[in-house]
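Here is how the chains run, residue by residue.
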Amino acid sequence: MRATPDFVTDAHRKGGVHPTARSAKRSGKGPRRAPEPRPGGKSIRDRQARTGWLYTTPALLVVAAVTIFPVVYSVVMSFTKVRLTHAGTQVTDWTTANYTTMLGSSAWREALLFTVGYTLVTVAVELALGTAVAVLLERLEAGRGWLLALLLIPWSLITVVSAQLWDYLYDATYGAVTWLFGLVLAEPPVILGTPVPAITGMAAADIWKTTPFVAVIVLAGLVRIPREQYEAAEMDGANAWTTFRRIVLPALRPVVAVAVLFRVLQAFGIFDLPFVLTQGGPGTATQSLAILGYRALFQDLNIGLGAAIATSTGLLVVLGCLLFLRVFRSQVDSAAEAGEGGAA
Amino acid sequence: MTMSRRTLLAAGGAGAAGAAAAALAGCGPAGPAGTAARTGPDLAAAAVVPKRPTTVRWWAARVARKDGGDLRPLLIREFNKKYPHITVRMIGAPAQTDTARAALATQIASGSPSPDVFMGDSVWPAQFAYNEMALPLRSLVGEDYWGRYPGPHVDALSYEDEVYAFPLYQDQPYLFYRKDLLRKHGLPVPRHWEELADSAAEVQRAGDADYGFVWQGSVYEGLTCNVTELVADAGGSILTEDGAGVTFDGPAGERALTYLRDLVARGITPGSVTTFIEQDSLDAFTSGRSIFLRNWSYAWGVANNPDSSAVAGKIGCVVRPGFEGEEGGWGCLGGWCNFVNPHSRNLGAAVAFARFLSDEEGQMVLAREAAVLPPLDEALGSRFVRGSDNPAFSEAHRVRLVARPVHSPHYPAVSKAVYTRANQVISGGSSVRTALASARRDLQAALKGEAL
């Protein structure tokens, strides 16, 4: 990267004033005023704060270097022309071309659709299954620990490894799943070579792996619900479903929110499963945003465009999560209120 | 490998993807400060072989020997006979072309002087040249140097009148077939693709094989190879000769894709071909399930070896046929070459080593010992290759090489446009015409660097 990239000038910020005009203007204005130091205020609290900052600075610098700088820099790259040259990476000229290219690309729209749809479906199924498993586990008297440990095996496997296992299972020639389908269907599907089975197969692998994670989190929430609440509901004549909806679910709100957030963040960035199983195929059926970004960045070395995909994906998932929290909170709140109203 | 895997997975996380972008482009050159870094590599230094002891780091994937071993140590030993003062240290590279590129791009684009020489795919030169990650070689070797290699091979290594890599070995495809089954049914070795389809269907009908013809149809580079040569068979190409225009959607492209689609529709090729890479198709052939196989030259050694194949001794290997009424014999050019890192601090020694492997000395070692083809004319025409009992070697000179449309610095996007659309056709997800129209749009976007 150049020492001082020429795009970081006031001229650009102020809408393209000619550099000479700008310097003339600035010299007319005189030097900028530095903020004045606050008089006095040397209380113990200030001193403590200063010491605190002193202690955390090294850690904060590391965080800034490995997290904040790369993220900010990739946002910058997504708005610029990036070229790899002998003298290093050249970042020049503010432009929105990367974003217009991205938005105008049907591949991006398809990838977005796939990623959003895949996230919604897998997370919903994982949540439902995970909650069911957790409810079941909570009622178990004996063997809960063992079952929990067994359940966690899929979760503890590295996805690239478990994806390879699924690849064997789905193999069109000798795969066990293909064989099973062959028993009931005249013509077993080419699972990873046909769009709908490929997406379903991938979702199944994802659900298999992450349902235990959701179950564990939900279980943690379940065991915290006081017995008395169940007893009270029972005395009021609430059936199992009403109890679940009006007592258990509101109480689970915080843990479910956490589980969903974790899952959405991960599912939206889905990369390893399609990378191993389908390479985004058949055609472009399982091409997620992350696969698209990887290809632009690391295969095509089209860094500006890749950064635009990465930035927009990051932004989308953050917005999605905020929206989810808002909707979820109001939903569960109203359910809880209804529950209280019903109990009264 | 670890590093590339890490970067891959970093790219995967939605949030972390940005960080990966920065990892690739973030760091400036760490090379020698001053003018050299600003103006480009020091070509004067690159032209001189140093006299003092020097170490060259060679990033290379395994090169297979005839006996199954690794040829790289022998190549280095031979080099040291000529240049005893240049030590070559080997860095193991991933064999997967995309993984290797991702790792190298991160390293070289950020100005690392190591590796000095790196082995790369022969589809990389345009991209590496455009991104200034490879040393231009024309001025270092003299004009008549390149005439000794097959024209399409040198052409593939060139970008805008420069050559960016020394050819190391060459790969080309053949048609493998079951001699015994053709004989049993009184069928000739197919003279054209239409005949192949009919013969295969006949043998399948008789119940002598599950599949007629297997090849590589997954969404990846290998499908681009299959399509490129089949389009050449039909008398066409993917791009115009200057690489600026799209010709894939012409009659040749239509004939090629229609043929592939019909193979699947008629049950001659199994539907699972949409997930096949080289190994899957080879397995189908060596297990005796398929009559015909399209694969690279290495397949002979595997398929004709009783340890790895149920059909050893029953197979034949010929140059690919063409379409009826067209001249056939095409084969997609594959291969690996050696690039010189322009940031190397030992350019002279690096060039000497990379060049040695492509010169007669290195190439004859390949001709004698390697399980891959040396591209140099003398080596390709030597008795070791021409007189080999491996038909993939002895017939090598008869293959008419067709390069993939590699002259775009955005070749990966060009290739992706070809293989995703072709895969859609063979999986039945799209008609030939629709796919070709989409491919045209994708290819045009790819050439402008705007494809995703």
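Residues numbered from 1 in each chain as written. Chains lettered and ligands numbered in written order. Predicted model: local features only at pLDDT ≥ 70, side-chain atom pairs only at ≥ 80, totals over all residues. Heavy atoms only, no water.

An unreviewed UniProt entry lists chain A under the name Sugar ABC transporter permease, with Streptomyces cavernicola given as the organism.

A.B. asks: It is not clear to me how the pairing of strand β7 (residues 173–178) of chain B should be interpreted in this structure. Could you clarify?
C.D. replies: Each regular strand carries side chains that alternate between the two faces of the sheet. Residues and elements named next belong to chain B. Of all six residues making up β7, six are buried, and the element is well covered by its neighbours. With burial as the criterion, each face of β7 is covered, one bearing P173, L175 and Y177 and the other bearing Y174, F176 and R178. Pairing between β7 and strand β9 (residues 290–296): five bridges, direction antiparallel. Bridged to Y174 within β9 is N295. (Buried < 20%, exposed > 50% of the residue type's maximum accessible area, 1.4 Å probe, protein only. Helix = DSSP H or I, 4+ residues; strand = E, 2+ residues; numbered from the N terminus. Pairing = 2+ DSSP bridges.)

A.B. asks: Would you mind going over the pattern of salt bridges with me for this structure?
C.D. replies: Close approach of charged atoms lets side chains of opposite charge pair. Residues and elements named next belong to chain B. Per the counting criterion, the structure on display carries 30 salt bridges over all chains. Among the salt bridges present, the one from E78 reaches K81, with a minimum N-O distance of 3.0 Å. With a gap of three residues between them, E78 and K81 both fall in helix α5 (residues 72–82), about one helical turn apart. Between E143 and R138 there is a salt bridge, with the nearest N and O atoms lying 3.1 Å from each other. A relative accessible area of 57% places E143 in the exposed class. On the accessibility criterion, R138 (24% relative accessible area) is partly exposed. (Salt bridge = Lys/Arg side-chain N within 4 Å of Asp/Glu carboxyl O.)

A.B. asks: How should the environment of V216 of chain A be read in this particular structure?
C.D. replies: Mapped onto the elements of the fold, V216 of chain A is located in helix α9 (residues 195–222). Excluding its chain neighbours within four sequence positions, the residues that come into contact with V216 of chain A are L148 and L152 of chain A. (Contact = heavy atoms within 4.5 Å.)

A.B. asks: Is there a simple way to think about the packing of aromatic side chains in this case?
C.D. replies: For any two aromatic rings, the description comes down to two numbers: the centre-to-centre distance and the angle of the planes. Taken as a whole, this structure holds 31 aromatic pairs over all chains when the rule is applied. An aromatic cluster is defined as three or more aromatic residues linked by ring pairs; in this entry it consists of W58, F79, Y83, F353 and F356 of chain B. Stacked on the ring of W155 of chain A, the Lys or Arg K209 of chain A has its end atom at 5.3 Å from the ring centre. Here the basic side chain of R148 of chain B rests over the ring of Y145 of chain B, its NZ or CZ set 4.9 Å away from the ring centre. (Phe/Tyr/Trp six-rings, centres within 6.5 Å; stacked < 30°, edge-to-face > 60°. Lys NZ or Arg CZ within 6 Å of the ring centre and 35° of its normal.)

A.B. asks: I tried to follow the environment of W208 of chain A on my own but got confused; where do I start?
C.D. replies: Residue and element names in this part refer to chain A. Position of W208 relative to the elements: it lies in helix α9. Judged by relative accessible area, W208 falls into the partly exposed class, the value being 33%. It is 9.9 Å that separates the C-alpha atoms of W208 and L129, two residues lying 79 residues apart in sequence. Setting aside anything within four residues of it in sequence, one finds W208 in contact with P154, L157, S162 and W166.

A.B. asks: Even after reading the chapter, I still don't get a nonpolar patch on the surface, so can you show me in this structure?
C.D. replies: A cluster of nonpolar side chains, W179, L180, F181, L183, V184 and L185 of chain A, forms an exposed patch at the surface whose accessible area comes to about 660 Å². Residue placement: L183 of chain A occurs in helix α8 (residues 176–184). (Patch = residues over 30% accessible without salt bridge, like charges linked within 9 Å, V, L, I, M, F, W, Y side chains within 5 Å. Areas by Shrake-Rupley, 256 points an atom, 1.4 Å probe, with all protein chains shown as cover.)

A.B. asks: In this structure, what is going on with the sheet that holds strand β8 (residues 211–214) of chain B? I would like to understand it.
C.D. replies: Think of a sheet as strands paired side by side through backbone hydrogen bonds, with each pair either parallel or antiparallel. All names here are of chain B. Judged by pairing direction, the sheet is mixed, and its four strands sit side by side in the order β8-β9-β7-β10 without closing on themselves. Every interior strand has two partners, whereas the edge strands, β8 and β10 (315–318), have only one. Averaged over all adjacent pairs, the angle separating strand axes in this sheet is 20°, with direction ignored. (Axes fitted to C-alpha atoms, helices over the stretch in contact; angles between N-to-C directions.)

A.B. asks: Looking at this model, I keep getting lost on the UniProt feature "transmembrane region" (unreviewed entry) in chain A. Mind explaining?
C.D. replies: Residue and element names in this part refer to chain A. Within this numbering scheme, the UniProt entry marks residues 52–76, 111–137, 146–166, 172–192, 251–271 and 303–325 as carrying the feature "transmembrane region" (unreviewed entry). Secondary structure across residues 251–271 comprises 86% helix and 0% strand; the distance between its end C-alpha atoms is 33 Å. Structurally, residues 303–325 comprises 100% helix and 0% strand, and the distance from its first C-alpha atom to its last is 33 Å. (UniProt positions renumbered as here; feature names shortened; annotations may be inferred.)

A.B. asks: Teacher, can you tell me more about the side chain of R101 of chain B here?
C.D. replies: Relative to the helices and strands, R101 of chain B resides in helix α6 (residues 97–109). A distance of 2.6 Å separates a polar atom in the side chain of R101 of chain B from a polar atom in the side chain of D98 of chain B. Setting aside residues no more than four positions away along its own chain, R101 of chain B makes contact with F298 and Q299 of chain A together with W124, Q127, F128 and P412 of chain B. (Polar contact = N/O pair within 3.5 Å; in protein donor to acceptor, adjacent residues only side chain to side chain.)

A.B. asks: Would you take a moment to explain the packing of helix α13 (residues 251–265) of chain B against helix α22 (residues 432–447) of chain B for this structure?
C.D. replies: Residues and elements named next belong to chain B. Running from amino to carboxyl end, α13 crosses α22 at an angle of 130°, the nearest separation of the two axes being 10 Å. Regarding the angle of α13 to α22, the classification is oblique. Like other packed secondary-structure pairs, α13 and α22 cross with a definite hand, here right-handed. Residues G253, E254, L257, T258 and R261 of α13 form the contact with α22, whose own contacting residues are V432, R433 and L436. Of the residues belonging to the contact of α13 with α22, the class tally is three nonpolar, two polar and three charged. (Parallel < 35°, antiparallel > 145°, perpendicular 65-115°, else oblique. Left-handed = near helix turned anticlockwise from the far one by under 90°. Nonpolar A, V, L, I, M, F, W, Y, C, P; charged D, E, K, R; others polar.)

A.B. asks: What should I look at first to understand the sheet that holds strand β12 (residues 334–340) of chain B in this one?
C.D. replies: Residue and element names in this part refer to chain B. A sheet is described by the order of its strands in space; here five strands give the open sequence β2-β1-β3-β12-β6, paired in mixed fashion. In this open sheet, the two edge strands, each paired with only one partner strand, are β2 (86–92) and β6 (166–171). The mean angle between the axes of side-by-side strands here comes to 20°, regardless of whether they run parallel or antiparallel. Contacts from α5 reach β1 (54–60) and β2 within the one sheet, and its direction differs from that of β2 by about 165°.

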